[in-house]
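# Summary of the model geometry
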Amino acid sequence: QAFLVDRVRDFHNRQKLKLIFDPKLSTWQIIHILFETSHSEGKAGYVAQHLVGAKLQLRFPNVQVSNESASTADRPTNRSGDFMIGNTVFHVTVSPMEGVFKKCQENIKEGLKVYLIVPDAKLAAARQLGEQYCNGHIAVEALESFISQNIEEISVFAADKLKNSLVSLVKIYNERVNAVEVDKSLMIELPSNLEKYNG
């Protein structure tokens, strides 16, 4: 029985993340629920990085947005951060610790502008640490706000366009995950009430 329970657990662990779309919810809340789901399934770090990458790609379609496995961030590399747009570097982390602020300090010394993207639950603490380590020289933003505000703006705050933008975000996210991650359960499944916008 224990063996079967483990196999069922393995099966569920391979299930794609479910996006819940309720038009009564704010876009912020939709992204927040998706992120909380990924957190409860132990996928938060991966999902955060790929969501930010997808958001940047959606917002800047003519800019090459780098795409690497989220586990790369844990290994020493010569990258300035997770993403680079113009002279701005973006760090994405679900647990803002000393290491990321040291990287931010290095970025500032190199003359780069720095964004640190963290879950909303870690925002207050991360801003405090940002002041302590970087004297207000970095922008610390909540993941949920960073993504949802852009989605709203791209959609010109119109309900139908918002649905299209959310579908586009998910499609880009899934393409990025599929290209660099072995674990396909990190991909997001569109709910049935958004399927018709998946043109």
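Residues numbered from 1 in each chain as written. Predicted model: local features only at pLDDT ≥ 70, side-chain atom pairs only at ≥ 80, totals over all residues. Heavy atoms only, no water.

## A short note on the side chain of Ser 148
Convention followed: Think of it this way: any DSSP run of H or I at least four residues long counts as a helix, any run of E at least two long counts as a strand, and we number them from the N terminus. Working definition: with a 1.4 Å probe on protein chains only, accessible area under 20% of the residue-type maximum means buried, over 50% means exposed, and in between means partly exposed. Contacts between residues were defined by any pair of non-hydrogen atoms, one from each residue, lying within 4.5 Å.
When you line up the elements, Ser 148 lands in helix H6 (residues 143-154). Using a relative accessible area of 6% as the deciding quantity, one classes Ser 148 as buried. Setting aside chain neighbours within four positions, we find Ser 148 in contact with Thr 27, Trp 28 and Ile 31.

## Considering the sheet that holds strand E2 (residues 83-85)
As a general point, the strands of a sheet are linked pairwise by backbone hydrogen bonds and lie either parallel or antiparallel. Under the convention used in this document: At least two bridges found by DSSP between two strands are what make those strands a pair. Helix axes are fitted only over the stretch in contact, all axes being lines through C-alpha atoms; the angle between N-to-C directions runs from 0 to 180 degrees.
Read across the sheet, four strands follow the order E2-E3-E4-E5 without closing on themselves; strand pairing throughout is mixed. Since the sheet does not close on itself, it has two edges, and those belong to E2 and strand E5 (138-142), each with one partner. The sheet shows a mean angle of 25° between the axes of neighbouring strands, direction not considered. Against the sheet, helix H5 (residues 123-134) makes contact with strand E4 (113-118) and E5, and its axis sits at roughly 175° relative to E5, the strand it touches most.

## Concerning the packing of helix H2 (residues 27-40) against helix H3 (residues 44-59)
As a packed pair, H2 and H3 sit with axes 7 Å apart at the nearest point and diverge in direction by 145°. Within the contact between the two elements, H2 uses Leu 34, Phe 35, Ser 38 and His 39 and H3 uses Ala 44, Val 47, Ala 48 and Leu 51.

## Details of the packing of aromatic side chains
Just so we agree on the cut-off: Pairing of aromatic rings covers Phe, Tyr and the six-membered ring of Trp, with a centre-to-centre limit of 6.5 Å; geometry is then stacked below 30 degrees between planes, edge-to-face above 60, and tilted otherwise.
Within this structure, the stated rule accounts for four aromatic pairs. Look at Phe 90 and Tyr 115: their rings are 5.2 Å apart centre to centre, the planes differ by 25°, and that puts the pair in the stacked class. Remark: Tyr 115 occurs in strand E4 and Phe 90 occurs in strand E3 (residues 88-92); sequence separation between them is 25 residues. Judged by its relative accessible area of 6%, Phe 90 falls in the buried class. Summarising the aromatic geometry, the rings of Phe 90 and Phe 146 are spaced 5.9 Å apart at their centres and angled 50° between planes, so their arrangement reads as tilted. Note that Phe 90 is positioned in strand E3 and Phe 146 in helix H6, a separation of 56 residues in sequence. Both residues of the pair, Phe 90 and Phe 146, count as buried. Taken together, the aromatic side chains of Phe 90, Tyr 115 and Phe 146 make up a single cluster linked through ring pairs.

## A closer look at H5
Each full turn of the α-helix corresponds to 3.6 residues, which orients residues three or four apart in the same direction. Selection criterion: How far a helix is expected to stretch is found by multiplying one less than its residue total by 1.5 Å. For this quantity, the arc is that covered by the directions from the helix axis to the C-beta atoms.
An ideal rise of 1.5 Å per residue puts 16 Å on twelve residues; H5 measures up with 15 Å between its terminal C-alpha atoms. Here H5 has its buried residues at Leu 123, Ala 126, Gly 130, Tyr 133 and Cys 134. Buried positions in H5, seen along its axis, are confined to an arc of 100° and lie on one side of it. Opposite its buried face, H5 presents the exposed residues Ala 124, Gln 128 and Gln 132, each directed more than 90 degrees away. Residues of H5 that are buried sit in contact with helix H4 (98-109), E4 and E5. Asn 135 sits one or two positions beyond H5 and adopts a positive phi of about 50°.

## Topic: unusual backbone geometry
Located in the positive-phi region is Asn 135, a residue other than glycine, with phi close to 50°. Following the sequence through the fold, Asn 135 ends up in the loop between H5 and E5. A relative accessible area of 58% places Asn 135 in the exposed class.

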